[in-house]
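So the chains spell out like this:
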Amino acid sequence: MTSKQPLVELRGVSKSFGQNAALKGVSLAGWPGSIHAVTGENGAGKSTLMKLLAGVHRPDGGEVVLKGRHVALSTPAKARRAGISTVFQELTILPNLTVAENLCLGRELTLGGLIDLRALRREAVQVLERTGIALDPDRLCGTLTVGEQQLLEIAKGLHSEADVFIFDEPTAPLNRAEVDQLEGLLRALKTQGKLVFYISHRLEEIFRFCDTVSVLKDGVHVATQPIETLTQDSLVALMVGRELAALFPERPADIPDVPALQVDRLAVAPHSPSVSFTLRRGEIVGIAGLEGQGQREIVRALAGEQDRHGGEVRVFTDDGTAVGIPSGSVAGAVQRGIALLPEDRKGEGLYLDLSIEDNIWLGPLRQTPLWRRAPRDPALVRRLAERMGLRTPPAQPVGSLSGGNQQKAMLGRWLAADVRVLLVEQPTRGVDVGAKAEIYGLLRQFTDGGGAILAVSGDLPELIGLCDRILVVRGSAIVADVPAHGATEEQLLGHALRGESPSEATP
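Residues numbered from 1 in each chain as written. Predicted model: local features only at pLDDT ≥ 70, side-chain atom pairs only at ≥ 80, totals over all residues. Heavy atoms only, no water.

### Comments concerning the overall build of the protein chain
Stated precisely, the cut-off is as follows: Segments assigned H or I by DSSP are reported as helices when at least four residues long, segments assigned E as strands when at least two residues long, and all are numbered from the N terminus. Working rule for contacts: check all heavy atoms of both residues, and any pair within 4.5 Å makes them a contact. With residues, only the protein chains shown are counted as cover, and all accessible areas are computed by Shrake-Rupley using a 1.4 Å probe. As used throughout, the charge tally considers Lys and Arg to be positive and Asp and Glu to be negative, leaving His and the chain termini uncounted. A charged residue contributes its charge at one atom only: NZ of Lys, CZ of Arg, CG of Asp or CD of Glu.
Secondary structure assignment for the protein chain yields 17 helices and 22 strands. Summarising its shape, the C-alpha atoms of the protein chain cover approximately 75 × 55 × 50 Å along the three principal directions. Restricting the contact set of the protein chain to residue pairs at least 6 apart, pairs at least 24 apart contribute 66%. As presented, the protein chain carries roughly 22,800 Å² of accessible surface, and 49% of it is formed by carbon and sulfur atoms. Positive and negative side-chain charges in the protein chain, numbering 55 and 61 respectively, have mean positions lying 5 Å apart.

### Looking at the pattern of salt bridges
Just so we agree on the cut-off: Salt bridge, as used here, is a side-chain nitrogen of Lys or Arg placed within 4 Å of a carboxyl oxygen of Asp or Glu. Accessibility here uses a 1.4 Å probe with only protein chains present; expressed as a share of the type maximum, an area under 20% marks a residue as buried, one over 50% as exposed, and anything in between as partly exposed.
Tallied over the entire structure, the rule returns 25 salt bridges. One salt bridge in this structure joins Arg-11 and Glu-9, with 2.9 Å as the shortest N-O distance. Classification of Glu-9 by relative accessible area gives partly exposed; the value is 21%. A salt bridge links Lys-194 to Asp-163, with the shortest nitrogen-to-oxygen separation between them at 3.7 Å.

### Some words on the sheet that holds strand β9 (residues 164-168)
Heads up, the condition is: Whether two strands pair depends on DSSP finding at least two bridges between them. Note on geometry: axes are C-alpha line fits, over the in-contact stretch for helices, and angles between N-to-C directions span 0 to 180 degrees.
Strand order in the open sheet formed by six strands is β6-β9-β10-β3-β11-β12, with mixed pairing between adjacent strands. In this open sheet, the two strands that pair with only one neighbour each are β6 (84-87) and β12 (220-226). Taken over all neighbouring pairs, the strand axes of this sheet differ in orientation by 15° on average, direction set aside. Across four bridges, β6 lies against β9 in parallel orientation. Counterpart to Val-87 in the pairing with β9 is Phe-167. Packing of helix α5 (residues 146-159) onto the sheet brings it into contact with β6 and β9, and relative to β6 it is tilted by some 175°.

### Overview of the pairing of strand β10 (residues 195-199)
Selection rule: Handedness of a crossover is defined as follows: with both strands directed away from the viewer, a clockwise route from the first strand across the helix to the second makes it right-handed.
Within β10, five of the five residues are buried, leaving the element largely enclosed by the surrounding structure. Relative to β10, β9 is paired through five bridges, and the arrangement is parallel. Its bridge partner lying in β10, Asp-168 is registered against Ile-199. As a crossover connection, the stretch from β9 through helix α6 (residues 176-191) into β10 is right-handed.

### A look at the confidence of the model for the protein chain
So the rule is basically this: Across the chain, each position has a pLDDT score giving the predictor's confidence in that residue, from 0 to 100.
Residue-level pLDDT values for the protein chain average 87, and 93% of them are 70 or greater. Note that residues 500-507 has pLDDT below 50 and, in this model, twelve contacts with residues that lie over four places away or in other chains.

### Description of the nonpolar core
As a reminder of what qualifies: By nonpolar core we mean a set of buried residues, namely Ala, Val, Leu, Ile, Met, Phe, Trp, Tyr and Cys, connected to one another through side-chain atoms within 4.5 Å.
Counting residues in each nonpolar core, the largest one holds 48 residues, and the members touching the most others are Trp-414, Leu-422, Ile-453 and Ile-470. Those residues in contact with Ile-470, other than ones at most four positions away along the chain, are Gly-286, Ala-288, Leu-463, Ile-464, Ala-480, Asp-481, Val-482, Ala-484 and Leu-492. Membership of the second largest hydrophobic core comes to 45 residues, among which are Leu-135, Ile-154, Leu-185 and Ile-227.

### Focus on the sheet that holds strand β19 (residues 421-425)
The six strands are arranged β18-β19-β20-β15-β21-β22 in an open sheet whose pairing can be described as mixed. Of all the strands in the sheet, just β18 (338-341) and β22 (477-483) have a single pairing partner and so form its edges. The mean angle between the axes of side-by-side strands here comes to 20°, regardless of whether they run parallel or antiparallel. Summarising the sheet, strand β15 (residues 284-288) and strand β21 (residues 469-474) pair through four bridges and their orientation is parallel. Looking at β21, one finds that Val-285 is bridged to Arg-469. Lying on the sheet, helix α14 (residues 403-416) is in contact with β18 and β19; it crosses β18 at an angle near 175°. Running over the sheet, helix α15 (residues 433-448) touches β15, β19 and β20 (452-456) and is turned about 145° from β20.

Right, here's the structure in full:
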């Protein structure tokens, strides 16, 4: 360490919301020149802890020490003045302002009592150049992608010239290139002697970016350790009390050769290659590949979210009868027993203002003709909630749930509808490791009951641990069909990059 004194100390801090004790006497210290991960399951208290430091919440007990002095950070403005900058998970970009105006919001330069737009733009250009974030300062923020908005949030934080930075799940909307860019910014802050608290439950990011990790569980500080003393297995064990391998349910020893879904010569775009494969009852099949290689389009075409440009898709009933699925019809797919769990559960999957119960009943409702009364069975909702480990009252708005519980509610919708085939995009994106294990178990329960699952994921270890087979897609074509047991990331990437495994590749 470059300093004998921590930059930040949280000493025995506690915080309750009503009867819920979010933090119970938590103590930890952060040092200059450190990227310090704060992790744990959803509800562990990590965001609440950092919000105490950011001035969003005031502690009920304990104290905050900054640079050796006791401080009362009663508002976010006081925290900013004390040198603490926070990039929250919720974006605060104003869409009707430009990049430059958002970047300097609250720090506007004035001339004669009016905002000096030229000076404001010059300052914004300097900040963007210094951080290496390639955004047009004159561009309206309403036209930015979510990833670009997140980079702008990060630039706003860096513009504050703070000593302590808090990043709350900053990579959730970022693509691979933007994550690489974030890594460079984090390394620069560390070199400058800044302290970065990095809130995340993404193991690969914690090991890639951070030098120290603190683990919280149920509002209690479990451990703070140098990252080099940990493995992914040991970190998961600290977070959830079990090893990483135990997250995945056991695969069935044998899967009967009984088809659930037959895809013949499916083309997802004009002149694109066609794909053919069979999904069996009791089977989880993964789709892997580099980003943008047609995986999403294949799943969306099967779900009726987009038109097919050739080919035939059939689903099989319990008595073995093949039923054709119409092209470009979500209702037609659902009525025949095929349902999609989209990766953007908030934007496409759930009605956030509606209750858990109402969101679940949308599944059976999609299968109900207009002339019939909409079904309603509260007892079934209770049984499904118990089965999925949803301990929240069914009347609670689904938008108030954690990512893992939202994913369970979306899955419960189709369990209530008794579908035969689930198409799952990014099964556990934005979900903590404890909820991941529960979701994996629910997916395997679905196939154990005779269902079939086709899952798309950019997380290769997830596909290897969860699936029975993995289809590798390259250029909208299936280039490999690999048994998941014994598969390696190197093997799958070799197929994705070259259409062949590394051992088969020629120099």
